Protein chains: 2
Amino acid sequence: MSSMSSQEALDVAFHPRSVAIAGVSPDRRRWGGRTFLEGIRQLDRLKRVYAVNPKGGELEDGSPIYTNLAAIPDDVDYLISAVPASAILGLIDDAIAKKVKVIHLFTAGFSETGEEERADLESVVFDKLRDAGIRAIGPNCMGVHSAISGLTWMSDASPVAGRVGVFSQSGMNASEIVHYGERRGVRFSYVASYGNASDLNESDYLDYLANNDETDVILGYIEGVKDGPRFVQSARRAVERKPLIILKGGQTEAGSRAAHSHTGSLAGSTAIWDAVGKQTGFIGVNGIDELIDMALIVQHLPEIRGPRVAVVGRGGGGSVLAADACDRAGLELPWLSEETQRRIGEFTPLAGSSFRNPVDTPLVPSERGTGQTVQIVAEDPNIDFLMVHFGVNWGSGPNAAAGDSFSDRVLEHIRPIKGMSSKPVALVMGRPRGVPEMEIAVRLQGELSAAGYAIFPSIEACAVAARRYLDWQAGRELF
Amino acid sequence: MSSMSSQEALDVAFHPRSVAIAGVSPDRRRWGGRTFLEGIRQLDRLKRVYAVNPKGGELEDGSPIYTNLAAIPDDVDYLISAVPASAILGLIDDAIAKKVKVIHLFTAGFSETGEEERADLESVVFDKLRDAGIRAIGPNCMGVHSAISGLTWMSDASPVAGRVGVFSQSGMNASEIVHYGERRGVRFSYVASYGNASDLNESDYLDYLANNDETDVILGYIEGVKDGPRFVQSARRAVERKPLIILKGGQTEAGSRAAHSHTGSLAGSTAIWDAVGKQTGFIGVNGIDELIDMALIVQHLPEIRGPRVAVVGRGGGGSVLAADACDRAGLELPWLSEETQRRIGEFTPLAGSSFRNPVDTPLVPSERGTGQTVQIVAEDPNIDFLMVHFGVNWGSGPNAAAGDSFSDRVLEHIRPIKGMSSKPVALVMGRPRGVPEMEIAVRLQGELSAAGYAIFPSIEACAVAARRYLDWQAGRELF
């Protein structure tokens, strides 16, 4: 039977008209099929969603658990298989009969175990699917998440969609990218976790996101590549259209062995991967933090044009460590001009301060002068961009202002600085020391992200990301 | 007049019988002298504490603000000067008349500004003090913090003392070390921020902490060294007695310039500093995070003897990145023996798992089997130590257990593993995704630290610290 194209299959996966989940427990707390159902109900966008379990029964709200696919009184576009590997062949026969278009195999326990018998089962499964013209995501993965369509495996992701797409071989890392990214102010369009990639593979997901008009930036987590030459071509085409940032798991020997155990991937060496990066022009990173740092830079600070940074705020010792971190990352901190220093000195006391660079003024972000300092520093001809470094620990403690009024004052003074600066401004928010400060940090992060700021958890993270972005820009000019 | 020795002076500073603070505002919220008073009252250990302000008046509780030192009806051992530089000479005359033993100059605006007139003032101040036999901390620093004596500049540090001492040229970095360290479970004995070090210098503080029986580990943040040969000798003597971990600010060119602006320090190059490290045997680190990571290793995991680590938990993609991070840090992840894998397989399903190393079992820390897995892995002869990696994001969300019962279950299953393991165990706690998870993380951190665990925020942080510790041990054997 003739199959759908990958593009058509992923159109179904990212916008299914109807979904069945096989292996739904009547117990809400059970991890597995029930997890998908709960997530989808939480987002509340997809209406034609059907639970299947051979034992039948009812959900808490009285809606039926169907004993098999045939019993569902509707077409099924998209099937999530959460049954154990031992039950998979029967489910596939049912799926063929039901004319399912795409199946997502959450089901694991195939070739990735390294056991021959289980690898054979995977072959049988995928032969059957191919013969029937059913396209498949997985096995051994979390599948699809999108706040646009309402399909998800997460019960706690933001219902607000954004313009960052993700393809990740690991479901856990995909969840971490979404959770941590959302905490940092990133919002996502389409996210796919694709596991063993026995049918649809990395290049299929990448092509889809590259073609997708709702996606401006693509993040990838890859353990192994199924088809190297095609991936090089897909990555190159993607990079022509939008920034592509890739975290390659299993670059070290130990990591490569772990990747083989995880998704059956043959991971390849750092050297090969670096060569692929150079050929295609994606941005390579080493961890999930860096993936999110880069997503923020390419979305919010694409106008950084050179390595000369001015750091504004916070404390003398903090300034010394900030300068060290910038220098180590390969940025430059030129001294500000006499004129710039004189202008800052007009409204800032000298004791306990320095206006050279870093500008260590006695800067609590809620104080007057933040915007004025940023404006003056941005006008210095030796500076390409600014980092404004502020803390959140002034907002609590017995002799500090109450949290909310502190946050309000920080917002009042930080929010306008972008408009006052003629150069790109990145924010760096200091480490909160306890739960009340974490609440302040979460609020400031949310409101300042919504106002279009990229916020970094440390000078070092910001400096490394900015340097990487500059190197990538320089490389692009060679293409 | 003959001076006290540095040791005697720091005995006064760390255990003053009576304290006066010059420059106390009647407004509780004002930063400056009032900050010290509020912190000391919060700790509530020091009773003979006197506020001074030429304007006089009263504090909220009706206690007097003395118009000058002479008016205080008590001796003054230790004077905190929070007056502006313009008022410092008069205050010193009063201090001499009052027979003050040690003065802490929070007052800034001296040689660190780079202005000749202000450097001259600093010379006059320190000539006067020397002639009078008064020893001095600072200027341009936060002074002393100790939950043992009750002297502090922080209104929010823990009232519980521990056995880690700190000397830090920067007050802000000292605060960050205490705040971040306490969040990570470190507790402190004596902390000094010493600024320009115009009298008592880095070696005086280091010697004091090296001799101090209440201090097991010493952390230092240094920008410049006043007396190089003496420092080498002091560091060497300290290292013979206890671990010494030093963060050197201003190692890069940009950082060195910032250090000069900050404390007037001539910072010296990385090469010189590395040579000092080799000569003396302290442990060098590059940031405050690493300082705390190392403090935890030397306090809680001194029995790590080799680089062969087993990582237990958490998720397939997480295991791949964990393996990469360990390999990059220079640790080894040997495959576990067939026997070890077989024993874990007896009670753990294979699908979605791998028992090689990392041991990616479907491990939620609250589930049964954590302790059993750790026990079996620790018995593997190819393993020197273990990292147990657990997340806190299972404890929230609509279909998860309530926070408290989740924390209880994690504690129940994680707390005993130390006793079940024949090898050192480090804990790695995953990133909390929001405020409820942060609360869970803070609670787990607190209770597990109290139970004697070192807890790291990432596999990478733990791996880097363990490798650094192993290198340091190997270096020690050469002395």
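Note that the structure is a prediction, hence the values are computed from the model and not measured.

Caption draft 1: Structural view of helix α17 (residues 459–476) of chain B. In this model α17 of chain B runs 26 Å from its N-terminal to its C-terminal C-alpha over 18 residues, within 8% of the 26 Å that 1.5 Å per residue would give. Among all positions in α17 of chain B, only Ile459, Ala461, Cys462, Ala463, Ala465, Ala466, Arg468, Tyr469, Leu470, Trp472 and Gln473 of chain B are buried.

Caption draft 2: A look at the interface of chain A and chain B. With 73 residues of chain A at the contact, the number on the chain B side is 73 residues. In this assembly, chain A packs against chain B so that about 6,100 Å² is buried in total across both faces, 56% of it on carbon and sulfur atoms. At the surface where chain A touches chain B, the tally comes to six salt bridges. The shortest N-O distance in the salt bridge between Arg431 of chain A and Asp289 of chain B comes to 3.0 Å. Between the two partners, chain A and chain B, sit 27 residue pairs in polar contact (both at pLDDT 80 or more). Within the residue set of the side of chain A that touches chain B, elements represented by two or more residues are α2 (33–43), α5 (171–183), β11 (244–248), α8 (253–263), α10 (288–300), α11 (316–329) and α16 (435–450) of chain A. In terms of residue count, α11 of chain A provides more of the side of chain A that touches chain B than any other element does, 10 residues in total.

Caption draft 3: How the structure looks around the relation of the copies chain A and chain B. Each copy of the sequence occupies a distinct position, and chain A is placed on chain B by a rotation of 180° and an axial shift of 0.0 Å, giving an RMSD of 0.0 Å. Such values leave the two copies arranged in the relation of a two-fold axis. When the interface residues of chain A are mapped onto chain B, 100% of them are again interface residues, pointing to one common binding face.

Caption draft 4: Looking closely at unusual backbone geometry. The omega torsion of the bond from Asn357 of chain A to Pro358 of chain A falls at 0°, within 30 degrees of zero and hence cis. Within the fold, Pro358 of chain A resides in the loop between α12 (338–345) and α13 (370–378). Note that the residue after Gly138 of chain B, namely Pro139 of chain B, is joined by a cis bond; omega there is 0°. By the secondary structure assignment, Pro139 of chain B is in the loop between β6 (135–137) and β7 (143–145). Residues other than glycine seldom take positive phi values, yet Asp44 of chain A does so here, at roughly 60°.

Caption draft 5: The arrangement of the sheet that holds strand β1 (residues 19–22) of chain B in detail. All names here are of chain B. In spatial order, the strands read β3-β2-β1-β4-β5-β6; together these six strands make up an open sheet with parallel pairing. Each edge of the open sheet is held by one strand with a lone partner, namely β3 (65–66) and β6. Pairing of β1 with strand β2 (residues 49–52) involves four bridges; the strand directions are parallel. Directly across from Val19, in β2, lies its bridge partner Val49. Its contacts with the sheet put helix α2 (residues 33–43) on β1, β2, β4 (78–81) and β5 (102–105), and the angle it makes with β1 is roughly 150°. Its contacts with the sheet place helix α4 (residues 116–132) against β5 and β6, and it is angled at close to 165° to β5.

Caption draft 6: Quick peek at the packing of aromatic side chains. Applying the stated criterion to the full structure yields 20 aromatic pairs over all chains. A centroid spacing of 5.4 Å and a plane angle of 40° characterise the contact between Trp273 of chain B and Phe282 of chain B, whose relative ring orientation is tilted. Just as Trp273 of chain B is buried, Phe282 of chain B falls in that class too. Ring-pair connections join several aromatic residues into one group, and the members of that group are Phe14, Tyr190 and Tyr208 of chain A. A cation over an aromatic ring shows up here: Lys248 of chain A above the ring of Trp273 of chain A, its NZ or CZ 5.6 Å from the ring centre. The ring of Tyr180 of chain A carries Arg431 of chain B above its face, with NZ or CZ at 3.8 Å from the centroid.

Caption draft 7: Expanded view of the state of the cysteines. All names here are of chain A. As enumerated under the stated definition, the model contains zero disulfides over all chains in all. Here Cys326 stays unpaired: no disulfide links it, and the sulfur of Cys462, its closest cysteine neighbor, is 7.6 Å away. Look at Cys326 and you get buried, because its relative accessible area is 0%.

Caption draft 8: View of helix α1 (residues 6–14) of chain B. Taken as a whole, α1 of chain B has its buried residues at Ser6, Ala9, Leu10, Val12, Ala13 and Phe14 of chain B. Residues of α1 of chain B that are buried in the fold lie against β4, β5, β6, β7, β9 (188–193) and α6 (202–211) of chain B.

Caption draft 9: Focus on empty space enclosed by the protein. All names here are of chain A. For the structure shown, the criterion picks out three cavities of 30 Å³ or more. Taken as a whole, the largest cavity spans an internal volume of roughly 60 Å³. Looking at which element gives the most residues to the lining of the largest cavity, the answer is α8, with four residues. Among the residues forming the lining of the largest cavity, the class breakdown is three nonpolar, five polar and three charged.

Caption draft 10: Looking closely at the confidence of the model for chain A. Counting all residues, the mean pLDDT for chain A is 91, and 93% of those residues have values of 70 or more. Two numbers describe this predicted complex: its pTM, 0.92, and its ipTM, 0.90.

Caption draft 11: Highlighting the pairing of strand β10 (residues 217–222) of chain B. Residues and elements named next belong to chain B. The buried count for β10 comes to six of six residues, which makes it a mostly enclosed element. Where burial is concerned, the two faces of β10 agree: the one with Val217, Leu219 and Tyr221 and the one with Ile218, Gly220 and Ile222 are both buried. Summarising the sheet, strand β8 (residues 164–168) and β10 pair through five bridges and their orientation is parallel. The residue bridging Val166 from the neighbouring strand is Leu219, located in β10. Note: β10 against strand β11 (residues 244–248), five bridges, orientation parallel. Across the sheet, residue Ile222 finds its bridge partner in β11, namely Lys248. In this view, the connection linking β10 to its parallel neighbour β11 by way of helix α7 (residues 228–241) has right-handed handedness.

Caption draft 12: Spotlight on the packing of helix α3 (residues 88–97) of chain A against helix α4 (residues 116–132) of chain A. Residues and elements named next belong to chain A. Packing of α3 against α4 leaves a shortest axis separation of 11 Å and a crossing angle of 0°. Between α3 and α4, the angle is such that the two are roughly parallel. Here α3 contributes Ile88, Leu89, Ile92, Asp93 and Ile96 to the contact with α4, which in turn contributes Leu121, Val124, Val125, Lys128, Leu129 and Ala132. Its residues placed into classes, the contact of α3 with α4 shows nine nonpolar, no polar and two charged.

Caption draft 13: Local environment of the environment of Met294 of chain B. Residues and elements named next belong to chain B. As for its position among the elements, Met294 is in helix α10 (residues 288–300). With relative accessibility at 0%, the residue Met294 sits in the buried group. In the structure, Met294 is positioned 53 residues away from Phe347 in sequence and 36 Å away in space, judged by C-alpha atoms. Setting aside chain neighbours within four positions, we find Met294 in contact with Ile245, Ile283, Val285, Ala465, Arg468 and Tyr469.

Caption draft 14: Geometry of the sheet that holds strand β3 (residues 65–66) of chain A. Residues and elements named next belong to chain A. Pairing is parallel across the open sheet formed by six strands, whose spatial order is β3-β2-β1-β4-β5-β6. Edge positions in the sheet fall to β3 and β6 (135–137), since each of these pairs with one other strand and no more. Lying over the sheet, α2 contacts β1 (19–22), β2 (49–52), β4 (78–81) and β5 (102–105), oriented at roughly 150° with respect to β1.

Caption draft 15: Looking closely at the nonpolar core. With 214 residues, the main nonpolar core has Leu219 and Met387 of chain A together with Leu219 and Met387 of chain B as its most contacted residues. With sequence-adjacent residues up to four places away left out, Met387 of chain A is seen in contact with Val309, Ala310, Val311, Val312, Cys326, Leu331, Ala426, Val428, Ile459, Cys462 and Ala463 of chain A.

Procedures and definitions
Residues numbered from 1 in each chain as written. Chains lettered and ligands numbered in written order. Predicted model: local features only at pLDDT ≥ 70, side-chain atom pairs only at ≥ 80, totals over all residues. Heavy atoms only, no water. Helix = DSSP H or I, 4+ residues; strand = E, 2+ residues; numbered from the N terminus. Expected span 1.5 Å × (residues − 1). Buried < 20%, exposed > 50% of the residue type's maximum accessible area, 1.4 Å probe, protein only. Contact = heavy atoms within 4.5 Å. Buried area = accessible area lost by both parts, 1.4 Å probe. Salt bridge = Lys/Arg side-chain N within 4 Å of Asp/Glu carboxyl O. Polar contact = N/O pair within 3.5 Å; in protein donor to acceptor, adjacent residues only side chain to side chain. Least-squares fit on C-alpha atoms with pLDDT ≥ 70 in both. Pairing = 2+ DSSP bridges. Axes fitted to C-alpha atoms, helices over the stretch in contact; angles between N-to-C directions. Phe/Tyr/Trp six-rings, centres within 6.5 Å; stacked < 30°, edge-to-face > 60°. Lys NZ or Arg CZ within 6 Å of the ring centre and 35° of its normal. Disulfide = S-S within 2.5 Å. 1 Å grid on protein atoms, 1.4 Å probe; cavity = no way out; pocket = protein on both sides within 12 Å on 5 of 7 lines; lining within 4 Å. Points joined across faces, edges and corners; volume = space filled by probe spheres on them. Nonpolar A, V, L, I, M, F, W, Y, C, P; charged D, E, K, R; others polar. pLDDT = per-residue confidence, 0-100. Right-handed = clockwise from strand over helix to strand, strands pointing away. Parallel < 35°, antiparallel > 145°, perpendicular 65-115°, else oblique. Core = buried A, V, L, I, M, F, W, Y, C linked by side-chain atoms within 4.5 Å.

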